[in-house]
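Coordinate analysis (summary)
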Amino acid sequence: MTFAIVGCGIVGLYTALNLVESGVKGSEITIVAEYLPGDQSINYTSPWAGGNFSCISPDDAQTLHFDETTYKHLAAIRKVLGPGCGLDRRPSTEYWDYLPDQRKIDSLSSYLQDFAIIPSSQLPQGVVFGIKYLSWNFNCPKFLEVLKEYLASTGIVFVRRKIQNVDEMFEFASTVFNCTGIGARALGGAEDKNIYPARGQVVVIKAPHINENRMRWGPEDVTYIIPRPDSQSQVVLGGYLQANNWCADTWKTETDDIIRRTSQLFPEIGKEPEILRVACGLRPSRQGGVRVEKEQRAKGLLIHVSGLSGYGYQAGYGAARRAVRLAKSYKL
Ligand SMILES: Cc1cc2nc3c(=O)[nH]c(=O)nc-3n(C[C@H](O)[C@H](O)[C@H](O)COP(=O)(O)OP(=O)(O)OC[C@H]3O[C@@H](n4cnc5c(N)ncnc54)[C@H](O)[C@@H]3O)c2cc1C
């Protein structure tokens, strides 16, 4: 059996990793993508992520399960890739201006390391609920490159090509994974109009004194501070979740708003941090949630792994594992 993956963002790479872990030889896997690690485009979301493990996922059982699978497996991934791979542990504090769904808290509290609910007397003004735990932090551009190098070392071939119609992928293999992120909306032969962007702008600062995550979930926006491992003290500040906004530009007003909100949440950031970069990305959100589905096409089997929205790093490994089991017809 041969396998091909269209898409080389975090979801395509996690899918390849799952295939290798399940015993498939690297030489039986081909990854085809318009953009590869190291590239930058508004149509390539993965380099723009914060990124960490947080409470961003929706409250449905499937996504919570994907979160759990990924959280528990990241230690094994770090071991394989080695120190300096852009994946490491940092403590995290998350606050809500509203009560989060109990299903999510029950799920997270059952496996997050060092999980604790913050006593209400210690919550900042306006916050109604808060937790602390040990999170995972990604230096996303670096992690993508290191993971790609590791997969290449197993014999996986990477091909740069824009696919017009998904059936072209059966030139490469009889089983194809569609991991095209925001591109899944327009992928010929498999257009998924449920996919839509959720734009986020981020500000990258230099701040060696910030070594923990802090997040605050408001009714409309999220404010977050995410240190990047193996990055010479970069910290990612955000953010926004702007549904159906395709804009690739960045805005000074949003930068100022992000600095204002993050320095309020974490005063040690200061009001004039050293800004290294401002960027934005389009989270591949999906009406109906994450799609892990098997489809029999005339030329072979197609498995969709899409709609990872703002949780591709923290839930994508779990989604990819389910996709690989579907492909290999394992019991779920
Ligand atoms: C500001 C921001 C902050 C975020 N923070 C976090 C975070 O802290 N934690 C977290 O878990 N997630 C976070 N995310 C979300 C995360 O970045 C996404 O869920 C993830 O990157 C989606 O990965 P993907 O592989 O599905 O898509 P992408 O990374 O976009 O990859 C898609 C791939 O498919 C290829 N492709 C598409 N169409 C075609 C075609 N027709 N032919 C050939 N190739 C094609 C592309 O070239 C690319 O290689 C954040 C996102 C943003 C924007």
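Residues numbered from 1 in each chain as written. Predicted model: local features only at pLDDT ≥ 70, side-chain atom pairs only at ≥ 80, totals over all residues.

The chain is annotated in an unreviewed UniProt entry as FAD dependent oxidoreductase domain-containing protein of Ogataea polymorpha. Under the UniProt heading Sequence similarities (unreviewed entry), the note attached to the chain is "Belongs to the DAMOX/DASOX family." (UniProt positions renumbered as here; feature names shortened; annotations may be inferred.)

Observations concerning the overall build of the chain
In terms of regular secondary structure, the chain is built from 6 helices and 15 strands. For the C-alpha atoms alone, the extent of the chain along its principal axes is close to 60 × 40 × 40 Å. The burial tally for the chain puts 47% of its 332 residues in the buried class. Considering only intrachain contacts with a sequence separation of at least 6, the fraction spanning at least 24 residues in the chain is 77%. (Helix = DSSP H or I, 4+ residues; strand = E, 2+ residues; numbered from the N terminus. Buried ≥ 20, exposed ≤ 12 C-beta atoms within 10 Å, placed from the backbone. Contact = placed C-beta atoms within 7 Å.)

Structural notes on the UniProt feature "binding site: D-dopa" (unreviewed entry) in the chain
The UniProt record marks Tyr 224 and Gly 310 with the feature "binding site: D-dopa" (unreviewed entry), using the residue numbering of this structure. Taken together, the annotated residues stretch across 87 residues yet fold into one region, lying no more than 12.8 Å apart by C-alpha. Mapped onto the secondary structure, Tyr 224 falls in strand E10 (residues 222-227). Beyond its immediate stretch of four places on either side in the chain, Tyr 224 contacts Gly 50, Met 215, Gly 238 and Gly 239. Mapped onto the elements, Gly 310 comes out in the loop between strand E15 (300-306) and helix H6 (312-327). Among the residues examined, Gly 310 registers 24 C-beta atoms within 10 Å and is labelled buried.

With respect to the sheet that holds strand E7 (residues 175-178)
One open sheet holds the 6 strands; their spatial order is E6-E2-E1-E7-E15-E14, and the pairing between them is mixed. For this open sheet the edge positions go to strand E6 (157-160) and strand E14 (291-297), each flanked by a neighbour on one side alone. Neighbouring strand axes in the sheet, compared pairwise and without regard to direction, differ in orientation by 20° on average. Pairing of E14 with E15, which is carried by 7 bridges, proceeds in the antiparallel orientation. Looking at the pairing, Lys 294 lines up with Ile 303 of E15. The strands that H6 touches are E7, E14 and E15; relative to E15, the one it contacts most, it runs at about 165°. (Pairing = 2+ DSSP bridges. Axes fitted to C-alpha atoms, helices over the stretch in contact; angles between N-to-C directions.)

Details of the UniProt feature "domain: FAD dependent oxidoreductase" (unreviewed entry) in the chain
Sites flagged by UniProt as "domain: FAD dependent oxidoreductase" (unreviewed entry) map to residues 4-324. Here residues 4-324 is 26% helix and 30% strand, with 12 Å between the C-alpha atoms at its ends.

Considerations on the site of the ligand
Looking at the ligand, there are 40 residues lining it, with Gly 9, Gly 181, Gly 183, Gly 281 and Gly 312 nearest. When residues of the shell around the ligand are traced back to their parent elements, those giving at least two are helix H1 (10-21), strand E8 (195-206), strand E13 (274-286) and H6. Of the residues in the shell around the ligand, the class split is 18 nonpolar, 19 polar and 3 charged. (Near = placed C-beta within 6 Å. Nonpolar A, V, L, I, M, F, W, Y, C, P; charged D, E, K, R; others polar.)

Regarding the packing of H1 against H6
Where H1 contacts H6, the axes come no closer than 8 Å and their chain directions differ by 45°. The orientation of H1 with respect to H6, classified from their angle, is oblique. The interaxial crossing formed by H1 with H6 has right-handed handedness. Judged by residue contacts, Ile 10, Val 11, Tyr 14, Thr 15, Asn 18 and Leu 19 of H1 engage Gly 312, Tyr 313, Gly 316, Tyr 317, Ala 319, Ala 320, Arg 321, Ala 323 and Val 324 from H6. Split by residue class, the contact of H1 with H6 holds 10 nonpolar, 4 polar and 1 charged. (Parallel < 35°, antiparallel > 145°, perpendicular 65-115°, else oblique. Left-handed = near helix turned anticlockwise from the far one by under 90°.)

Let's talk about the confidence of the model for the chain
Taken residue by residue, the chain gives an average pLDDT of 97. The fraction at 70 or more is 99%. The complex prediction reports pTM at 0.98, with the ipTM value standing at 0.99. (pLDDT = per-residue confidence, 0-100.)

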